[in-house]
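Notes for the structure review
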Amino acid sequence: MTNRAADEVNFDGLVGPTHNYAGLSLGNRASTANAGARSSPRRAALQGIAKMRRLHHLGLVQGVLPPPLRPDPQALESLGFSTMAQVSQTAPALVPVLMSASSMWAANAATVSPSADTADGRVHFTPANLVSTTHRALEPTATGHMLRTIFADRSTFAVHPPLPSTAAFADEGAANHGRITRAHGDPGTQVFVYGRDADEPVVKSRFPRRQTRLAGELIAASHGTRQTIFVRQSSEAIDAGAFHNDVVSVFNQDVLFAHQRAFESPQQTYDTLGARVVEVPDWRVPLADAISSYLFNSQLVTLPDGSMTLVAPGEVEQIDTTRIYLEEAVADPANPIDAVEIMDLRESMRNGGGPACLRLRVVLTPEERQAVTGRVIVDDALLDELEAWVERHYRDELDGTDLGDDGFIEEIRGSLGELEEMLELPGLYPSID
Ligand code: SUG
């Protein structure tokens, strides 16, 4: 097959103005541990923009995905409300659910298949139904609309509807999906990682299994992927807090960097994948350290000179096992990790979202990149504008009691209206004039 020049474009979710800690995700230990803490939407968004800038400066193509409007007008209506004041009065527990900024974790926005892998030669997207958590199940409608707005050219892109929102089709998108290929533009093997079969209980022992094998099979079929592998996550990892596979493994080109306990049958998985596997044994980095540091929720990226850099969260430096592992990995010529870039993403990390959670990988050829609508591929000028916009509009501190406030909601609508113009995406927020 042809080796077409293509880039992996990391589209990062821009943190929304309602970023807060509501403890909504069972099985996500950081979310539970930080429930009720004060958040800083401004700091969270600036940390995210700083990551985008760093990747752009490393010579990578970097994109941005705007946050959805909160509350979502359709969700509000379907619950029988017209204002958040009514929600606060009748069902206060729903306030954080309706106001969550969880779309920032773009790895859960959709599953994406590059054109080199699909039968019709288009780039395919399926928004994740995120049915396993109440707050995230409210994301797919707006995500689908956003993807259809940005990837509007139907001869280049196909945006499918999400799978039906029931447990049998539970889907968390790219966080449980990887790809093995020699070069991004080459045809690759798509890897769908699942926690249970459709007829198995969601919770077997401790925490929910958020992804079914059936969901992956249906997405692979609708995308027309040519080489596809299905791999089971280890129950041990899920029960230890790896609610998505990208908490314990990361793919880049032909490399799989994974914790020894990431998959149910590790050796069989490695044999089937045919990747260069860098397995970190439990005796070097115990599973609990891998999960609290988010070592594997790093982005493993190939720089223009062909070397590989691990974009890791600052937490890996605070735990001895992960810090020492990375020092040795960089020094070891046999290890594909050539360098480590540390990013401060503390605001997102406190909700269980590391570097890899914040990005959606979309491999695009230069022609496909030309077909993208709006101003969503970043440069320094756009990043400066985004930073200034955040400084102008975002609150420095937020706690649960501010969330349902009508003044706050008006503030959000005004700021997103401005963002729609900045990104040149008219119609992105249909309910904002
Ligand atoms: O789905 N946290 C997200 C974190 C998603 C991380 N993404 C990846 N691993 N790709 C989740 O659990 C917490 C929200 C709160 O508790 O307020 C939350 O939704």
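1. Observations regarding the overall build of the chain
Counting its regular elements, the chain contains 15 helices and 15 strands. In summary, the chain has a C-alpha radius of gyration of 20 Å against a globular reference of 22 Å for 433 residues, a match within 12%. With respect to the principal axes defined by its C-alpha atoms, the chain has extents near 55 × 45 × 40 Å. Taking all 433 residues of the chain together, the buried fraction comes to 59%. Sequence separation of 24 or more characterises 74% of the internal contacts of the chain that already satisfy a separation of 6 or more. Here the chain displays about 16100 Å² of accessible surface, and carbon together with sulfur accounts for 50% of that area. Each charge class in the chain was averaged separately, 36 positive and 57 negative side chains, and the resulting centres sit 3 Å apart.

2. A few points about the packing of helix α14 (residues 380-393) against helix α15 (residues 406-422)
Remark: α14 packs on α15, axes separated minimally by 11 Å, with the N-to-C direction vectors making an angle of 170 degrees. By the angle between their axes, α14 is roughly antiparallel relative to α15. Note on element contacts: α15 touches α14 through E411, S415, L416, E418, L419 and M422, opposite L382, E385, L386, W389, R392 and H393. Its residues assigned to classes, the contact of α14 with α15 shows six nonpolar, two polar and four charged.

3. Description of the environment of H244
Assignment of secondary structure puts H244 in the loop between α8 (235-240) and β9 (249-252). A C-alpha to C-alpha distance of 6.0 Å links H244 and A175, two positions 69 residues apart in sequence. Beyond its immediate stretch of four places on either side in the chain, H244 contacts N108, E172, A175, N176, R210 and Q233.

4. Notes on the packing of helix α2 (residues 41-57) against α14
Contact geometry of α2 with α14 gives a least axis separation of 10 Å together with a crossing angle of 175 degrees. The orientation of α2 relative to α14 falls into the category roughly antiparallel. Contact residues: R42, A45, L46, I49, M52, R53, H56 and H57 in α2; D380, L383, D384, L386, E387, V390 and E391 in α14. Taken together, the residues of the contact of α2 with α14 sort by class into seven nonpolar, two polar and six charged.

5. Concerning the site of the ligand
In the neighbourhood of the ligand, 22 residues make up the surrounding shell, with L24, S31, H135, D246 and C357 lying closest. Separating a nitrogen atom of the ligand from a side-chain N or O atom of N108 is a distance of 3.0 Å. Summarising the interface, the protein chains cover 99% of the accessible area of the ligand, which totals 490 Å² for the free molecule. By residue class, the composition of the shell around the ligand is eight nonpolar, eleven polar and three charged.

6. Side note on the sheet that holds strand β14 (residues 337-343)
Spatially, the three strands line up as an open sheet ordered β12-β13-β14, and their pairing is mixed. Whereas interior strands pair on both sides, the edge strands pair on one side only; in this sheet they are β12 (299-302) and β14. Along the sheet, successive strands turn relative to each other by an average axial angle of 25 degrees, direction set aside. Bridging between strand β13 (residues 308-313) and β14 involves six bridges; their strand directions are parallel. Looking across to β14, one finds that A312 is bridged to I342. Contacts from α2 reach β12, β13 and β14, with the element oriented near 150 degrees to β14.

7. Focus on the packing of aromatic side chains
Tallied over the full model, the rule gives eight aromatic pairs. Here F257 and Y325 contribute two aromatic rings whose centre-to-centre distance is 6.1 Å and whose plane-to-plane angle is 25 degrees, an arrangement assigned as stacked. In this pair, F257 is assigned in strand β10 (residues 255-259) and Y325 in helix α11 (residues 320-331), connecting sequence segments 68 residues apart. Residues W389 and Y394 carry aromatic rings whose centres are separated by 5.2 Å and whose planes lie at 65 degrees to one another, so their mutual orientation is edge-to-face.

8. Focus: the nonpolar core
Membership of the largest hydrophobic core comes to 92 residues, with the highest contact counts inside it found for F11, V64, L273, L360 and L419. Core analysis: the next-biggest nonpolar cluster, separate from the first, contains 18 residues, F296, M308, Y325 and L326 among them.

9. A few points about the side chain of S39
In this structure, S39 sits in the loop between α1 (29-33) and α2. Among the residues examined, S39 registers a relative accessible area of 2% and is labelled buried. Engagement of the side chain of S39 in a polar contact is seen with the backbone oxygen of H19, the distance being 2.6 Å.

What counts, and where the lines are drawn
- Residues numbered from 1 in each chain as written.
- Predicted model: local features only at pLDDT ≥ 70, side-chain atom pairs only at ≥ 80, totals over all residues.
- Heavy atoms only, no water.
- Helix = DSSP H or I, 4+ residues; strand = E, 2+ residues; numbered from the N terminus.
- Rg over C-alpha atoms; globule rule 2.2 N^0.38 Å.
- Buried < 20%, exposed > 50% of the residue type's maximum accessible area, 1.4 Å probe, protein only.
- Contact = heavy atoms within 4.5 Å.
- Areas by Shrake-Rupley, 256 points an atom, 1.4 Å probe, with all protein chains shown as cover.
- Lys, Arg positive; Asp, Glu negative; His and termini not counted.
- Charge placed at Lys NZ, Arg CZ, Asp CG, Glu CD.
- Axes fitted to C-alpha atoms, helices over the stretch in contact; angles between N-to-C directions.
- Parallel < 35°, antiparallel > 145°, perpendicular 65-115°, else oblique.
- Nonpolar A, V, L, I, M, F, W, Y, C, P; charged D, E, K, R; others polar.
- Near = heavy atom within 4 Å.
- Polar contact = N/O pair within 3.5 Å; in protein donor to acceptor, adjacent residues only side chain to side chain.
- Pairing = 2+ DSSP bridges.
- Phe/Tyr/Trp six-rings, centres within 6.5 Å; stacked < 30°, edge-to-face > 60°.
- Core = buried A, V, L, I, M, F, W, Y, C linked by side-chain atoms within 4.5 Å.

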